[in-house]
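Each chain, letter by letter, is given below.
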Amino acid sequence: MNPDDTSNHSGLRDLPRDSEVVAEYYDNWAEDYDRTLGQWQYEAPEQVAARLRRELAPEAVILDAGCGTGLSGKALAAAGFATIDGMDVSARSLELAREHGVYRDLAHVDMQRLPLPYADDVYDGLVCVGVMTYLPDSADVLREFARVLKPGGCIVLTQRDHLFEERRFGETLAALEKEGVLSGSTISDPMPYLPENEEFGDEVQIHYVTCWSA
């Protein structure tokens with residue numbers, strides 16, 4: 001792969017949701033993923049880490065769900081968190097994430113195949129950055145996130161604005177609160193996602209969602 005050719009990543013906006021296709025795509029991209037996202041002015045990992053840090057102390061135990069090559073783990077560590085586990089569907093991305101030295105444990109996990117391989121009430125916080133796009137069953141995924149968190153644990157995630165509306169994400173959050181799975185949520189206004197990516201630009205933005213397990 002030519003490291004100067006970001007056109008290899010065209011079609012990212014409409015990448016199929018099949019987990020095997022997603023894994024292969026990110027395996028192939030892993031080597032220059034961090035550099036490319038930097039060129040696109042990708043700030044979601046730092047934004048999410050800062051939002052989680054406002055809710056949790058540095059000694060909190062965090063799960064990075066869909067950690068990729070470790071950008072979000074690095075941001076969490078920079079925000080002060082010392083105990084971070086990660087999981088991802090891309091095996092090559094996990095190899096690169098391990099090199100950052102910020103994760104306690106890393107696991108190869110397909111989040112489309114639930115339940116997640118974690119016990120109940122393990123984590124204080126969970127982040128999911130740029131991954132909900134590939135998880136169309138938002139309600140079941142959020143139930144699993146809440147399950148692995150201790151009561152009152154904090155989730156911070158991102159969701160593209162058009163998918164937020166299409167999948168009625170706000171209604172899903174409200175239903176899970178009524179069900180007693182979540183105990184509240186806050187939703188940001190749409191914010192920049194990949195402003196220097198020609199497919200996304202200012203057209204595709206993201207919401208930052210913060211919610212708490214019941």
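Above this text sits the structure in question.
This write-up is about the structure you can find in this document. All of these numbers come straight from a predicted model, not from anything done at the bench.

**A look at the overall build of the chain**
Point 1. A count of helical and extended segments in the chain gives seven helices and eight strands.
Point 2. Referenced to the eigenvectors of the C-alpha coordinate spread, the extents of the chain come out at roughly 50 × 35 × 30 Å.
Point 3. The burial tally for the chain puts 54% of its 214 residues in the buried class.
Point 4. The long-range fraction of contacts in the chain, counting pairs at least 24 apart against all pairs at least 6 apart in sequence, stands at 69%.

**Describing the packing of aromatic side chains**
Point 1. What the rule picks out here adds up to eleven aromatic pairs.
Point 2. Here the aromatic rings of Tyr118 and Tyr123 are separated by 5.8 Å at their centres, their planes lie at 75°, and the arrangement is edge-to-face. Per residue, the accessibility class of Tyr118 equals that of Tyr123, and both read buried.
Point 3. Residues Phe164 and Phe169 carry aromatic rings whose centres are separated by 5.4 Å and whose planes lie at 40° to one another, so their mutual orientation is tilted. With respect to class, Phe164 is no different from Phe169; both count as buried.
Point 4. Taken together, the ring pairs connect Tyr25, Tyr26, Trp29, Tyr33, Trp40 and Tyr134 into an aromatic cluster.

**Description of the pattern of salt bridges**
Point 1. As enumerated under the stated definition, the model contains ten salt bridges in all.
Point 2. With its nearest N and O atoms 3.1 Å apart, the salt bridge here joins Arg35 to Asp32. Separated by three residues within a single helix, Arg35 and Asp32 lie in helix H1 (residues 19-39), roughly one turn from each other.
Point 3. Between Glu179 and Arg143 there is a salt bridge, with its nearest N and O atoms 3.0 Å apart. Residue Glu179 is found in helix H7 (residues 169-179), and its partner Arg143 is found in helix H5 (residues 138-148); the two are separated by 36 residues along the sequence.
Point 4. Here Glu179 falls in the partly exposed class, since its relative accessible area comes to 45%.

Each value, and the rule that gives it
- Residues numbered from 1 in each chain as written.
- Predicted model: local features only at pLDDT ≥ 70, side-chain atom pairs only at ≥ 80, totals over all residues.
- Heavy atoms only, no water.
- Helix = DSSP H or I, 4+ residues; strand = E, 2+ residues; numbered from the N terminus.
- Buried < 20%, exposed > 50% of the residue type's maximum accessible area, 1.4 Å probe, protein only.
- Contact = heavy atoms within 4.5 Å.
- Phe/Tyr/Trp six-rings, centres within 6.5 Å; stacked < 30°, edge-to-face > 60°.
- Salt bridge = Lys/Arg side-chain N within 4 Å of Asp/Glu carboxyl O.

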